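# Fold and geometry: a report
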Amino acid sequence: MATSDVNGRSTWWRRVAARAVPVAMVAGSIVVTATQPSFAADPVDGARTAGDPMFPHVGNGGYDALHYDVVLDWNATGVVGTSMTGVLDSASTTMRARTTGAPLRSFSLDFEGLTVDSVTVDGVPATYERVVDPATTTYKLVVTPAAPFEGDFTTVVTYHGVPNHHVDPDGSWEGWAATSDGATFMGQPVGAMAGIPHNNMPGDKATWSFTTTIPSTITSATGPGDSAVVGNGELASRTVSEDGTRTTWRWVQQEQMASELIIISIGKYDVIESQVTLSDGRVIPEWSFMDSSLSAANKTTITNRRALLGTIITRLEQLYGPYPGNSTGVVVDTVPSGINYALETQDRSFFPSTGSVNGNTLIHELAHQWYGDNVTPQLWTDIWMNEGMATWGPSWHTNVLAPATPNPGATETTYFNSWNNTASTSANWATPPGAQTNPANIYGYQTYTRGAQFWEALRTALRNDDFLEVVREWQTRYAGESRSGEDLKALAEEVSGRDLDAFWQDWILDGDKPAWPSKYDLTLAGEPASTPQPGGTLTYQLTAANVGKVALTDGIVEVDLADVLDDASLGTLPDGLVLDGTTLTWTVPPTAVGSSATATFDVVVDGDVSDETLRATAVPTGLGGLCSTAGCASEAAVGVQPLTPSGTPEVTGTFAVGGTVTVSTPGWRDGTSFSHQWLVDGTPVEGATASNFTLRPDDVGRTVSVAVTGSHPDYSPVTRTSAAATVAAGTLASTPTPTIQGDAVVGATVTAQPGAWDDGAALTYEWFLDSEPVGAGASRTLGAADVGKQLEVAVTATKAGYTGVTRRSAAATVSEGRLLATPAPVVSGTARFGETLTVSPGTWDGGVSVGYQWLRDGVPVGGATGASYVLGLDDVRTRISVAVTGTKPGYAAVTTRSATTSAVARARFGTVVAKIAGKAQVGRTLKARVRGIGTDPTVRYAWYAGTKRLGSTPTLELRRGLLGRRVTLRVTVREAGFVTTTVRSEPTTKVTHR
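Scoring rules and cut-offs
- Residues numbered from 1 in each chain as written.
- Predicted model: local features only at pLDDT ≥ 70, side-chain atom pairs only at ≥ 80, totals over all residues.
- Heavy atoms only, no water.
- Helix = DSSP H or I, 4+ residues; strand = E, 2+ residues; numbered from the N terminus.
- Rg over C-alpha atoms; globule rule 2.2 N^0.38 Å.
- Buried < 20%, exposed > 50% of the residue type's maximum accessible area, 1.4 Å probe, protein only.
- Contact = heavy atoms within 4.5 Å.
- Areas by Shrake-Rupley, 256 points an atom, 1.4 Å probe, with all protein chains shown as cover.
- UniProt positions renumbered as here; feature names shortened; annotations may be inferred.
- Salt bridge = Lys/Arg side-chain N within 4 Å of Asp/Glu carboxyl O.
- Pairing = 2+ DSSP bridges.
- Axes fitted to C-alpha atoms, helices over the stretch in contact; angles between N-to-C directions.
- Parallel < 35°, antiparallel > 145°, perpendicular 65-115°, else oblique.
- Left-handed = near helix turned anticlockwise from the far one by under 90°.
- Nonpolar A, V, L, I, M, F, W, Y, C, P; charged D, E, K, R; others polar.
- Disulfide = S-S within 2.5 Å.
- Phe/Tyr/Trp six-rings, centres within 6.5 Å; stacked < 30°, edge-to-face > 60°.
- Arc of directions from axis to C-beta.
- Polar contact = N/O pair within 3.5 Å; in protein donor to acceptor, adjacent residues only side chain to side chain.
- Expected span 1.5 Å × (residues − 1).
- pLDDT = per-residue confidence, 0-100.

## Here's the deal with the overall build of the protein chain
- Regarding its fold elements, the protein chain presents 11 helices and 68 strands.
- Relative to the globule expectation of 30 Å for 994 residues, the C-alpha radius of gyration of the protein chain, 61 Å, shows a markedly less compact shape.
- For the protein chain, the C-alpha atoms occupy an extent of roughly 165 × 130 × 55 Å along the three principal directions.
- Burial statistics for the protein chain: of 994 residues in total, 48% are counted as buried.
- A separation of at least 24 residues holds for 67% of the contacts in the protein chain among residues at least 6 apart in sequence.
- Surface exposure of the protein chain reaches about 42100 Å², of which carbon and sulfur atoms provide 50%.

Now the structure itself:
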């Protein structure tokens, strides 16, 4: 919206008398029975505010609007005075939206005036309530759906009635405003709710479609004429009814748009359709509209002006980036004083007169297509961003983009003078742009003039390149979004790398006159600039040239000397220069406009520096500083010097054939790399270029030295040769003591193991028994005559150029031979008293004789030396084994043992049977008869009548007391080596009388 020039003078005012409207609440009640869904979170009532300090009761929460489809059926009802009256016979707004948090049990829309006919949510009727308080700009349509919901949803509001305008706290109008030949609907800042129920906040953008049906011909005070409907986006269709009396215009906005940017204008218009070619070659349509009642001269002016749309847009694309819309145009209408202002309605801006479109206001509103429309303020407290830019932009267009010779300084002067000529005591400074809360002053000095001053001050603080990157990146990064002043600050800090906290506080958040930032160009120069010598002095000069509009009082420069001070030392620093580590800080003294400040300091190049580039880099810190075209970096190159220091090489090691000598290089500069060439009698040895050298047989008696060449990336190479040393004869290095492999026993073959001697050594062997030589060869087989003698072997090594060496093994005593086949004997038979065990000795070596010894529990049994053994009484409960001893002449005897038997068990009697002989009559004698016992058993008898024991002899005399009873006999048999056995007889018949 354009309302004032850079000096704050009103151009398109917005002041009319305010109306007082009483608080009203209107409710619609529809009872619907529905099953309540379940949710992860409890449903809530959507917020009835967007949290905007300027309009705290406008806007809503809990959902994000995605698309609106607005359908209007408008009819003219006559002319009253100079204005045409009209009515919405029917209207509907369909909103597709999505919940943004918890499920909603109710939500609100902003809607002023008109009569609501119905509300549905997802096709189901909903109850609604209207909460109205004009004093607080509260116009809520509160919707309660039949059941809570979450996620995507669609709500449809149908309504009708006589539309009217909304009156802002500053007295201006928006919403539906009657014109002489129709009506114009606009929304900034909050009047869009006067015709469309929606979420009336700039932070909730959506896509839109507008379908408006009007009379095909409108008759105003000046007579009849063809009608038209202006809208945002692109004209999708224009449909005339069958009888030709009504025409439906459908406009579709494909880009995100805030409702404050809506235009719906009905009237008698001349429609201009054309095309505009953009910078990237894209061709977009133009629909422009001008009031048919304007004079021919005015129409010519407007036609010529709109013909410049392509030129102006492509120029602005250089500043802001690609044009964000899909069409363009202008709307010029004769309107009442309440809407006598230009407005950045999206795609085609609105102008209330020919004069407004003919001046910089056209550029102002086109700049808004980027700042305000493409990227919209999140809250109305952020309006200074887009209004300030749209005010600053025309000056940049006029001074930089349009002329053949750009003059950015003219824009700087314009806004500096605007700032400078406003006294610090002026009330204009009292309202901070980013903290304003008074909607009656929303279009004041702080929004337009101070907002434009801010953008130029920001250009001064960031300097031109970073500033222009911020301006363009704001559009690229946040296209189609709503963003805050804090987002802009963060982007500016990101791009520039500067801390803007204090600047932002001063210009955006404080209610007083902000400070204009200083601006200076920094230069760093070094002398001499070409090739300083080691030990020489290098002089640096810092220059800060004040190229701004105010005195330089806060300049701070940091110089990175890390790449200088590693090869030089800093001299005495003058006042104003302080070194911290390798960073030199210069506090620039106060410097008048157009003047320069300088600071000089020296460094002394180290004496051993070679092939080094000393780089110093200066950086202006804080705001307003920039490296000049002369540069903020200085490089001075020190030439290549001979490598120093360079010590004489030292050779250590054994100077004898086979020895290895090694060179060391003390006293050379760190970082030096070395190459080597070994010399014999001063002559290079081919291939001997390592740091060590092994002396060869041919070197005996000759001298050895090494030439070392040191190389360093910063110096020229230097070669130094070591002292020479004479090579002595070699000594074998490895002369191990041999060992005898194998057992020194009769019948075995033993082998000499010489060990690892030097490569190339030839070995011979000699054997000794009791120190007497007995033969050569690497192995020897021992005979019976060798038993008890000391066996040794001597190894002699010889090698060309080396002294021969003999080593003798340790002595080993020759022992008797060892039998090889010595199997364990196997015992067969049953381990039981009286049984016979036999032994199988197995197969022994040939010529071996075997003998036996039976063992009882491991103890030899006297006389038991045969191949079999009969188990006797002494063996019962013991374990029996046998030892077999093999003997052979010249070999050690070997004894092996069988496994032990199980414990020797007792023998068992055969079947023992006890019987009673005799008749069971009183006076008779019964006799015991026992069969199946051994040869020498012990037998015990026990006679019983029931459980009563009667006697223990082999016979029993039957007495009268046994009449009628039966007698039994129990016999127990015992014998050595046998298991004791007890048996019972069968009972007798009952004892009777004789």
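## Thoughts on the UniProt feature "domain: Peptidase M1 membrane alanine aminopeptidase" (unreviewed entry) in the protein chain
- Mapped onto the present numbering, the UniProt feature "domain: Peptidase M1 membrane alanine aminopeptidase" (unreviewed entry) falls at residues 360-507.
- Within residues 360-507, the helical portion is 60% and the strand portion 3%, while the C-alpha atoms at the span's ends are 25 Å from each other.

## Concerning the pattern of salt bridges
- Scanning the model with the defined rule gives 25 salt bridges in all.
- Note that Asp45 and Arg105 form a salt bridge whose closest N and O atoms lie 3.0 Å from each other. Of the two residues, Asp45 sits in strand E2 (residues 44-45) while Arg105 sits in strand E5 (residues 104-110), which places them 60 residues apart along the sequence.
- Two residues, Glu494 and Arg477, come together in a salt bridge whose shortest N-O distance is 2.8 Å.

## Looking at the sheet that holds strand E34 (residues 612-621)
- Read across the open sheet, the 5 strands follow the order E31-E32-E29-E34-E36; overall the sheet is antiparallel. Of all strands in the sheet, those with a lone pairing partner are strand E31 (577-580) and strand E36 (633-638), marking the two edges. Adjacent strand axes in the sheet meet at a mean angle of 20°, parallel and antiparallel pairs treated alike.
- In this structure, E31 lies alongside strand E32 (residues 583-587), joined through 4 bridges in antiparallel fashion. From the neighbouring strand, Asp580 faces E32, where its bridge partner is Thr583.

## Regarding unusual backbone geometry
- The omega angle of the peptide bond from Gln188 to Pro189 is 0°, so this bond is cis rather than trans.
- Within the secondary structure, Pro189 sits in the loop between strand E13 (182-186) and strand E14 (206-215).
- Cis geometry is found at the peptide bond from Thr644 to Pro645, where omega equals -5°.
- Tracing the sequence through the fold places Pro645 in the loop between strand E37 (641-642) and strand E38 (650-653).
- Notably, Asp611 is not glycine yet its phi reads approximately 50°, a positive angle.
- Its place among the elements puts Asp611 in the loop between strand E33 (596-605) and E34.

## Some thoughts on the packing of helix H2 (residues 309-320) against helix H4 (residues 360-368)
- The geometry of H2 relative to H4 is characterised by a closest axis approach of 10 Å and an angle of 50° between their N-to-C directions. What the angle tells us is that H2 and H4 run oblique. The two elements H2 and H4 meet at a crossing, and its hand is right-handed. Here Leu309, Ile312, Ile313, Leu316 and Tyr320 of H2 come into contact with H4, specifically with Leu362, Ile363, Leu366 and Ala367.
- The residue makeup of the contact of H2 with H4, split by class, is 9 nonpolar, no polar and no charged.

## Observations concerning the environment of Leu458
- Tracing the backbone shows Leu458 in helix H7 (residues 449-462).
- In this structure Leu458 comes out as buried when scored by relative accessible area, which is 0%.
- Counting along the chain gives 536 residues from Leu458 to Arg994, while the straight-line C-alpha distance between them is 154 Å.
- For Leu458, the residues in contact, after removing those within four places along its chain, are Arg463, Phe467, Leu500 and Phe503.

## Let's talk about the state of the cysteines
- Across all of its chains, the model carries 1 disulfide by this definition.
- The residue that forms a disulfide with Cys627 is Cys632, at a sulfur-sulfur distance of 2.2 Å. Its torsion about the S-S bond being -125°, the disulfide of Cys627 and Cys632 is classed as left-handed.
- The class of Cys632 is buried, set by a relative accessible area of 6%.

## Brief notes about the sheet that holds strand E30 (residues 568-570)
- Ordered by their spatial adjacency, 5 strands build an open sheet running E30-E33-E28-E27-E35, and the pairing between neighbours is mixed. Looking along the sheet, the strands with just one partner apiece sit at the ends: E30 and strand E35 (625-627). Between one strand and the next, the sheet's axes are offset by a mean angle of 30°, whatever the strand orientation.

## Re the packing of aromatic side chains
- In the structure shown here, the tally under the stated rule is 38 aromatic pairs.
- Between Tyr323 and Trp370, the aromatic rings sit 5.6 Å apart at their centres with planes inclined by 80°, giving edge-to-face as the arrangement. Within this pair, whereas Tyr323 is found in the loop between H2 and strand E23 (329-332), its partner Trp370 is found in the loop between H4 and strand E25 (376-377), the two being separated by 47 residues in sequence. Here Tyr323 matches Trp370 in class, with each residue buried.
- Centroid distance Phe503 to Trp507: 6.3 Å. Interplanar angle 35°. Geometry classified as tilted. Remark: Trp507 and Phe503 occur in helix H10 (residues 501-509); sequence separation between them is 4 residues, near one turn of the helix. The pair formed by Phe503 and Trp507 is uniform in burial state, with each residue classed as buried.

## Concerning helix H1 (residues 296-306)
- Along H1, the residues that are buried comprise Lys299, Ile302, Arg305 and Arg306. The arc enclosing the buried residues of H1, seen along the axis, measures out at 130°, which places them on a common side. The outward face of H1, more than 90 degrees from its buried face, is lined by the exposed residues Ala296 and Ala297.
- Contacts made by the buried residues of H1 are with strand E21 (269-277), strand E22 (283-291), H2, E23, helix H3 (354-358) and H4.

## Quick word on the pairing of strand E60 (residues 880-888)
- As paired strands, strand E57 (residues 849-856) and E60 are joined by 8 bridges and run antiparallel to one another. The partner of Tyr852 across the bridge, within E60, is Val884.
- As judged from the 5 bridges shared by E60 and strand E61 (residues 891-897), these two strands associate in the antiparallel manner. Opposite Lys888, over in E61, you have Tyr891 as the bridge partner.
- Hairpin connection of E60 to E61: 2 residues between the antiparallel strands, including Gly890 at a positive phi of 85°.

## A few points about the side chain of Thr207
- In this structure, Thr207 sits in strand E14.
- Within the local environment of Thr207, its side chain forms a polar contact with the side chain of His67, the two groups lying 2.8 Å apart.

## Some points on H2
- Between the first and last C-alpha of H2 there are 16 Å, a value that for 12 residues agrees with the 16 Å anticipated at 1.5 Å per step.
- What H2 keeps buried is the set Leu309, Gly310, Ile312, Ile313, Leu316, Glu317, Leu319 and Tyr320.
- Looking one or two residues beyond H2, the residue adopting positive phi is Gly321, at roughly 105°.

## Some remarks on the packing of helix H6 (residues 408-420) against H7
- Interaxial distance between H6 and H7 falls to 9 Å at its minimum, and their mutual angle equals 130°. Between H6 and H7, the interaxial angle falls into the category oblique. Helix-helix and strand crossings are classified by hand; for H6 and H7 the assignment is left-handed. Of the residues in H7, those touching H6 at Pro408, Thr411, Glu412, Tyr415, Ser418 and Trp419 are Thr449, Ala452, Gln453, Glu456, Arg459 and Thr460.

## As for the confidence of the model for the protein chain
- Mean pLDDT over the protein chain stands at 91; residues scoring 70 or higher make up 96%.
- This stretch, residues 3-34, has a pLDDT under 50; its non-local contacts, to residues over four places away or in other chains, come to 89 contacts.

## Some words on the pairing of strand E64 (residues 938-945)
- Relative to strand E67 (residues 968-974), E64 runs antiparallel, the two being bridged by 7 bridges. Note that in E67 the partner of Arg940 across the bridge is Thr972.
- Sheet topology note: the E64/strand E65 (residues 948-951) ladder contains 3 bridges and is antiparallel. In the strand pairing of E65, Trp943 is matched with Gly951.
- Between E64 and E65, which pair antiparallel and follow one another directly, the connecting turn spans 2 residues, one of which, Gly946, has a positive phi of 70°.

## Topic: the environment of Arg818
- Considering the arrangement of structural elements, one finds Arg818 in strand E54 (residues 817-818).
- Assessed through its relative accessible area of 44%, Arg818 is described here as partly exposed.
- Separated by 74 residues in sequence, Arg818 and Ala892 place their C-alpha atoms 5.9 Å apart.
- In contact with Arg818, other than residues within four places in its own chain, are Asp743, Val745 and Tyr891.
- Within the local environment of Arg818, its side chain forms a polar contact with the side chain of Asp743, the two groups lying 2.4 Å apart.

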